[in-house]
Amino acid sequence: MYASQNIFGRVAGPKKEPGAENLVWPEQGLECIPDWVYTSEAIYEREVEKIFHGRTWNFVALEAEVAAPGDYKRSHVGPTPVVVSRAEDGSIHVFENRCAHRGAEFCRNSHGNNNEFVCPYHQWSYDLKGNLQGVPFKRGVNKAGGMPRDFKNEDHGLKKLSVATRNGVVFASFCEDMEPLEDYLTPEILKDFDVVFSGKKLRIHGYYKNEVPANWKMYHENLKDPYHATLLHSFLVVFGLVVAGNKSAMIADGKYGIHGTMASAKSEDIYASVSEDTRKEMRSFHAGMKLEDERLVQYIKEFDSPWSVTMQTIWPNLIVQREMNTLGVRHIVPNGPGSFIMVWTMFGYEDDTDEMTRHRLRQGNLMGPSGFLGLEDNEALKFVQEGVSKSVSGRSVVKLDPGNIGTSESLISEAAIRAMYLHYREVMDL
Ligand SMILES: [Fe+2]
């Protein structure tokens, strides 16, 4: 990967991978996506700087995960490790999980409760807001060594991020003057976000975590691509959860075009009735396929919403999932251009009956890395990454629903993907 090594065997400089400045978007514009947005290290580094560390609100936690003072959770903003902490006064703080002294990722537990954070390396200690409290041997020993006289603890706290919450969901930003979270999320997206997060207390049911060997943007594209849902997922098609012809929409926010809601309304029937013409287009439709336990796809109406499913992509790292009664958030943690970690947090509400909790858990089998839907998406994205990494054809085609950029009432549309790339190219200067 690297051009040369100096006499100490250290890396002298990057190899000639074309720097992002040399990459030119193809002349087809938004009707195509060049392969290098998924494979280039230079592009990835620019994304971390301009997007994840830039002017965006990033999901970091649910408030229910840090419910009491002293509770903390390890999380990420982009690839960067952070800690989400609730202080004694109830306020929530997010800071880098990087000791201000020598850079150690000091918080080692995925979550817990404590009075302070102590770096295991040299025992620098920080309060629950990320302020430096103690430095061992600050004045040296026997009048020798120690920190300079003018060393002030307040100059050496942890790197703190801006924090905003809405109805129990915690977001953070490296940007110090971010616009209010509500403005960032936009009214179109808040409409369905607030259906899941209405302010009711959440009950966390558990986590899944898996690596997807694909570029992180592909997950956004996948959920701005209702076309695939009608073709790839036998489960959705056969059991009528998302079927071409159902009342559906692919909503993009009108301000940035980066957030989206894929929405569909299931009919009352358990098994989809599909016309002969539509059926011919869908190889994934299997007439006669029956469920042993039909409760798996039973939708218990609990929300004031016309939709039985809403999958929200919130730029740059959050998916809010409401598929009938299974609820969850998915946190995207990018891991280089060709990989990301997906952290799934499944939840219900504190006032759910035991029966409702069991129903949510049963229906949760649709989701997660080996879920009846999740499995197929993960594999499809892996195939795409393999294709774009190894072939030389150069670009993919994004022409469905021509001329439209943003919201579409048709499922057979790539208009929301185009809206995302319109913004992406602006921010990334491509
Ligand atoms: Fe899918």
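Residues numbered from 1 in each chain as written. Predicted model: local features only at pLDDT ≥ 70, side-chain atom pairs only at ≥ 80, totals over all residues. Heavy atoms only, no water.

Q: Outline the coordination of the iron ion, supporting the account with residue identities and numerical values.
A: For the iron ion, the full set of protein donor atoms is His 228 (NE2), His 233 (NE2), Asp 377 (OD) and Asp 377 (OD), at a range of 2.0 to 2.6 Å. The sequence motif formed by the donor residues of the iron ion is H-x4-H-x143-D. Highlighted residues: His 233 in the loop between α6 (226–229) and α7 (234–238) and Asp 377 in helix α10 (residues 374–390), separated in sequence by 144 residues. According to the relative accessible area criterion, His 233 is buried, its value standing at 2%. (Donors = N, O, S within 2.8 Å, 3.2 Å for Na, K, Ca; no water. Helix = DSSP H or I, 4+ residues; strand = E, 2+ residues; numbered from the N terminus. Buried < 20%, exposed > 50% of the residue type's maximum accessible area, 1.4 Å probe, protein only.)

Q: Before we move on, could you go through unusual backbone geometry and cite the residues and values that matter?
A: In this chain, Trp 315 is followed by Pro 316 through a cis amide linkage whose omega measures 5 degrees. Here Gln 123, not a glycine, exhibits a phi torsion of approximately 60 degrees, which is positive. When you line up the elements, Gln 123 lands in the loop between β7 (117–118) and β8 (125–126). Even without being glycine, Met 324 reaches a positive phi, approximately 55 degrees. Turning to its location among the elements, Met 324 is positioned in the loop between β16 (318–323) and β17 (326–334). In this structure Met 324 comes out as buried when scored by relative accessible area, which is 0%.

Q: Account for the sheet that holds strand β2 (residues 58–62), naming residues and giving values.
A: In spatial order, the strands read β2-β11-β10; together these 3 strands make up an open sheet with antiparallel pairing. Bordering the open sheet on either side are β2 and β10 (162–166), each of which pairs with just one other strand. For this sheet, the mean inter-axis angle between neighbouring strands, taken without regard to orientation, is 30 degrees. Relative to strand β11 (residues 169–173), β2 runs antiparallel, the two sharing 4 bridges. Of the residues in β11, the one forming a bridge with Ala 61 is Val 170. (Pairing = 2+ DSSP bridges. Axes fitted to C-alpha atoms, helices over the stretch in contact; angles between N-to-C directions.)

Q: Describe the packing of aromatic side chains, and please don't skip the residues or the numbers.
A: One pass over the full model with this rule turns up 18 aromatic pairs. For the ring pair Trp 216 and Trp 315, a centre distance of 5.3 Å and an interplane angle of 45 degrees mean the geometry is tilted. Placement of Trp 216 in helix α5 (residues 216–223) and of Trp 315 in the loop between β15 (309–314) and β16 is noted, with a sequence separation of 99 residues between them. Under the relative-accessibility criterion, Trp 216 is labelled buried at 0%. The exposure class assigned to Trp 315 is buried, which follows from its relative accessible area of 2%. Aromatic side chains Tyr 421 and Tyr 424 sit 5.3 Å apart centroid to centroid with 70 degrees between the ring planes, which places their arrangement in the edge-to-face category. (Phe/Tyr/Trp six-rings, centres within 6.5 Å; stacked < 30°, edge-to-face > 60°.)

Q: Give a detailed account of the domain arrangement of the protein chain, specifying residues and quantitative values.
A: What the domain assignment reports for the protein chain is domain 1 (58–164) and domain 2 (186–289 + 299–428). Taken together, the 10 residues of domain 1 in the interface contact 13 residues of domain 2. For the pair domain 1 and domain 2, the summed buried area comes to about 950 Å², and 70% of that belongs to carbon and sulfur atoms. Broken down residue by residue, the surface that domain 1 buries against domain 2 is led by Phe 59, Leu 62 and Glu 65, which jointly contribute 53%. Connecting domain 1 to domain 2 are 0 salt bridges. Secondary structure elements with two or more residues in the side of domain 1 that touches domain 2: β2 and β3 (71–77). Among the elements that take part in the side of domain 1 that touches domain 2, β2 stands out by supplying 4 residues, more than any other. Here the side of domain 1 that touches domain 2 is built from residues that sort into 5 nonpolar, 4 polar and 1 charged. (Domains from an automatic or database assignment. Contact = heavy atoms within 4.5 Å. Buried area = accessible area lost by both parts, 1.4 Å probe. Salt bridge = Lys/Arg side-chain N within 4 Å of Asp/Glu carboxyl O. Nonpolar A, V, L, I, M, F, W, Y, C, P; charged D, E, K, R; others polar.)

Q: How would you explain the pattern of salt bridges if you had to name every residue and give the values?
A: Pairs may arise between side chains of opposite charge once their charged atoms sit close together. Applying the stated rule across the entire model yields 15 salt bridges. With its nearest N and O atoms 2.8 Å apart, the salt bridge here joins Asp 177 to Arg 55. Here Asp 177 is found in the loop between β11 and α3 (181–185), whereas its partner Arg 55 is found in the loop between α2 (41–52) and β2, with 122 residues between them in sequence. Exposure remark for Asp 177: the relative accessible area of 54% places this residue in the exposed category. Owing to a relative accessible area of 49%, Arg 55 belongs among the partly exposed residues under this scheme. A salt bridge links Arg 166 to Asp 194; the nearest nitrogen and oxygen atoms lie 2.5 Å apart. Here Arg 166 is found in strand β10, whereas its partner Asp 194 is found in helix α4 (residues 187–196), with 28 residues between them in sequence.

Q: Residues and numbers for the sheet that holds strand β5 (residues 92–96), please.
A: Note on sheets: strands pair through backbone hydrogen bonds, and any given pair is parallel or antiparallel. Strand order in this open sheet of 4 strands is β5-β4-β3-β6, and the pairing throughout is antiparallel. The sheet is open, and its two borders are formed by β5 and β6 (111–113), each paired with just one other strand. Strand after strand, the sheet turns through a mean of 30 degrees between neighbouring axes, direction not considered. Relative to strand β4 (residues 80–86), β3 runs antiparallel, the two being bridged by 6 bridges. Its bridge partner lying in β4, Arg 74 is registered against Val 83.

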